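# Analysis of the macromolecular model
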Amino acid sequence: MGIWFHYHPLCQRTKALTLACSGIYFATRAFCDKPNHRIVHKDKNLVRVERDLIDAFTLHELLQLCAKRRSLLVGKSCHGLAIHFGLLTDTVTCNILINLYTKCGQNDCARRVFDAMSVRSIISWNTMIAGYTHNREDVEALKLFSRMHREGTQMTEFTLSSTLCACAAKYAIIECKQLHTIAIKLALDSSSFVGTAFLDVYAKCNMIKDACWVFEKMPEKTSVTWSSLFAGYVQNGLHEEVLCLFRSAQREGMQLTEFTVSSILSTCASLALIIEGTQVHAVIVKHGFHRNLFVATSLVDVYARCGQIEKSYEVFADMEEKNVVLWNAMIASFSRHAHSWEAMILFEKMQQVGIFPNEVTYLSILSACSHTGLVEEGRHYFNLLLSDRTVEPNVLHYSCMVDVLGRSGKTDEAWKLLDKMPFEPTASMWGSLLGSSRIHKNIRLARIAAEQLFRLEPENGGNHVLLSNVYAASGNWENVVVARKYLRDSGAKKEMGRSWIESKGKIHVFVAGEREHPGITDVYSKLEEIYHEMRKISHRANTQCDLHDVHADQKEELLKHHSEKLAFAFGLISLPPNIPITIYKNLRICGDCHSFMKIVSCITERQVIVRDINRFHHFKDGSCSCGDFW
């Protein structure tokens, strides 16, 4: 009796495998077309191999193909053949079986093969530990490593790197340091492979000093090593240090990779450094990385976060090949800049070219509807999401829809959606409802949302301030006093409002009533000139935005020196007249400052871009891109 390999026509498209041996079908074009496989008879789609001629080498190739294709059912059939031919006493066969099962996510089956082995090689241990790590069973990986160490099996750099991945996933700092000691003892720490793994773990465990120490001690630094260190700095929020490191790396002749430049671009995006971002873009083009999807996506994000949405779209449009991640980055960028119609057009276009939206796409398009008051469009996309069988709605989608309804004044409908959704409401949802209730003066819902927020985030002083502002906006000053007293007594902290602006390569930070900046005298003088011009057109401050129980004239004085106004005045003094004044703010821009920016953009004939915590506002000729809805 021979073994027949049957090639199904469908296999050419799906590359599926089917086994034919004693009623079990196996097919693979790659196997059937390879020479030297003792093919006795070949007719159309059928290939017969004599049963007596199947050996360990042939079976190993079949098992490796199954692992490559993640074909569990066929792999189990081959496992049956291995048992039939008595190959389970062979260490190599067992190692290949362990690899097959771990690749298919069947660690229990792999462990049964591992435990039944009479003789284990270092490959057996490495494959099983790597399998646990790959399938996120990190505790089991650490336990198996401990057993291996107790049994005295000599480890390799691959053993260490797999175990270190498990340490990183569990933030197991003590175990990581123990492994480092073992590596030094066995002289494995000089390997760039092991050193990079230790560097990566220390960075992920917020031990950046230890990561830097490992980096300095490494005799050979590869591009992967540099990329890991860059990523570690970014993960720990050390963005300015990343730029310094990048300059040092260039001086040392570091070989750039797409991962390295993506880390640098992430830093430029986080700090909104347009000059540095543009310089890195030039380096990317010089090295030919501008066609890389990963890099292009980072560039789109950098320009969008620096307020240059037109350049974002140029990078996007220049890419001949686009994946869903790049489409999502561009849709999210349009959303961030209140270009909701452009975001919706892209949403339709991506489907026309055969790329279907995922959960991130829906999140971005709902956010675009939220910040421009497009309730009906928001309902449409939310219903589209619920009917899309390829995407599972999550809590973030519901949070966005609550925001869409709340911002548009439909706070009761937002409350109903929040009440009936299949998830527990998050602090973000309650915060959105509280903010909407403040704007639309729904005191009843504001109290409900505030109570939930106090329970979920007792140390967040911003929640107490929001509730206090709800009372102040409705003139309920007694409750304002109570809310603010509770804020002081609770010890909760409110974040101070700050605005910053870049000029001549330096970041200048301002707070309300700023006195410490070296050029503050000139700033106040320029601001007075601006107010003088504004009074000529009978402009008055929007005192409703100041929620203190004082006279209107005092409120106007308090509003006069908000941080974004000081930053704008500084921008007029320090920036050339032909470029936009771009201001960044850590909180939401208030209504009075929003009105101020609209007027001064007209008076000074300057374009002003303000990025607050929610989105970008583009002020030009007396109007804002948000349409006064934010």
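Going along each chain's sequence as written, the residues are numbered from 1 onward. This being a predicted model, a pLDDT of at least 70 is required before a residue's local features are given, and a value of 80 or more before pairs of side-chain atoms are given or counted; all residues contribute to the totals for chains, interfaces and linings. Side-chain measures here rest on the full set of heavy atoms in the structure, leaving out hydrogens and waters.

Each aromatic ring pair is specified by the distance between its two centres and by the angle formed by the two planes. Within 6.5 Å between ring centres, the rings of Phe, Tyr and Trp (the latter by its six-membered ring) count as paired, and their orientation is classed by plane angle as stacked under 30 degrees, edge-to-face over 60, tilted in between. Under the counting rule described, the total for this entry stands at 19 aromatic pairs. Residues Phe215 and Trp226 carry aromatic rings whose centres are separated by 4.8 Å and whose planes lie at 75 degrees to one another, so their mutual orientation is edge-to-face. Of this pair, Phe215 sits in helix α12 (residues 208-217) while Trp226 sits in helix α13 (residues 223-235), and the two are 11 residues apart along the sequence. Each residue's exposure class comes from its accessible area (1.4 Å probe, protein chains only) as a fraction of the maximum for that residue type: buried when under 20%, exposed when over 50%, partly exposed otherwise. A residue is classified by how much of its surface remains accessible, and Phe215, at 4% relative accessible area, is buried. Each ring, one from Tyr313 and one from Phe334, has its centre 5.9 Å from the other, and the planes form 35 degrees; the classification is tilted. In this pair, Tyr313 sits in helix α18 (residues 309-318) while Phe334 sits in helix α19 (residues 324-336), placing the two residues 21 residues apart along the sequence. A helix here means a DSSP run of H or I that spans at least four residues, while a strand means a run of E at least two residues long, and both kinds are numbered starting from the N terminus.

What follows deals with the UniProt feature "repeat: PPR" (unreviewed entry) in the protein chain. Feature annotation in UniProt places "repeat: PPR" (unreviewed entry) on residues 90-120, 121-155, 222-256, 292-322, 323-357 and 394-424, given in this structure's numbering. Counted over residues 90-120, helix gives 74% and strand 0%. Its end C-alpha atoms are 10 Å apart. Annotation note: span residues 121-155, helix share 74%, strand share 0%, distance between end C-alpha atoms 10 Å. UniProt positions are given in the numbering used here, feature names are shortened, and annotations may be inferred rather than shown by experiment.

Before going further, it helps to spend a moment on the sheet that holds strand β11 (residues 623-624). The strand order β7-β6-β8-β9-β10-β11 describes an open sheet built from six strands, whose pairing is mixed. The open sheet has two free edges, formed respectively by β7 (506-511) and β11, since each of these has just one partner strand. Strand pairing is defined by DSSP finding a minimum of two bridges between the two strands. One ladder, built from four bridges, connects strand β8 (residues 581-585) with strand β9 (residues 608-611); its direction is parallel. Note on β9: the bridge partner recorded for Thr582 is Ile609.

Right, let's talk about the side chain of Ser298 for a bit. Checked against the element boundaries, Ser298 lands in helix α17 (residues 293-305). Note on Ser298: relative accessible area 17%, which makes it buried. By definition in these notes, contact holds between two residues if any of their heavy atoms fall within 4.5 Å. Leave out the neighbours within four places in its chain, and Ser298 touches Ser262 and Leu265.

For the purposes of this section, nonpolar cores are sets of buried Ala, Val, Leu, Ile, Met, Phe, Trp, Tyr and Cys residues that join through side-chain atoms within 4.5 Å. Judged by nonpolar contacts, the single largest core of 139 residues is most densely connected at Leu59, Phe198, Phe230, Ile264 and Ile284. Residue contributions to this core peak at eight residues, all from α17. Residue assignment places this core across two domains, with domain 1 (221-321) and domain 2 (394-494) each supplying three or more. Not counting residues up to four positions away in its chain, the partners in contact with Phe230 are Val242, Leu245, Phe246, Ala249, Met254, Thr260, Ser263 and Ile264. Here the limits of each domain have been adopted from an automatic or database domain assignment.

Glancing now at the confidence of the model for the protein chain. Confidence scores per residue from the predictor, reported as pLDDT, run from 0 to 100. Counting all residues, the mean pLDDT for the protein chain is 81, and 82% of those residues have values of 70 or more. Note that pLDDT drops below 50 for residues 1-53; the model gives that stretch 100 contacts with residues more than four away or on any other chain. Within the model, the stretch residues 543-553 combines pLDDT values under 50 with 23 contacts to residues more than four positions away or in other chains.

A few words now on the pairing of β7. When strand β6 (residues 498-503) meets β7, the two strands line up antiparallel, connected through six bridges. The residue of β7 that forms the bridge with Ser499 is Phe510. From the end of β6 to the start of β7, which pair antiparallel, there are two residues, and Lys504 there has a positive phi angle of about 55 degrees.

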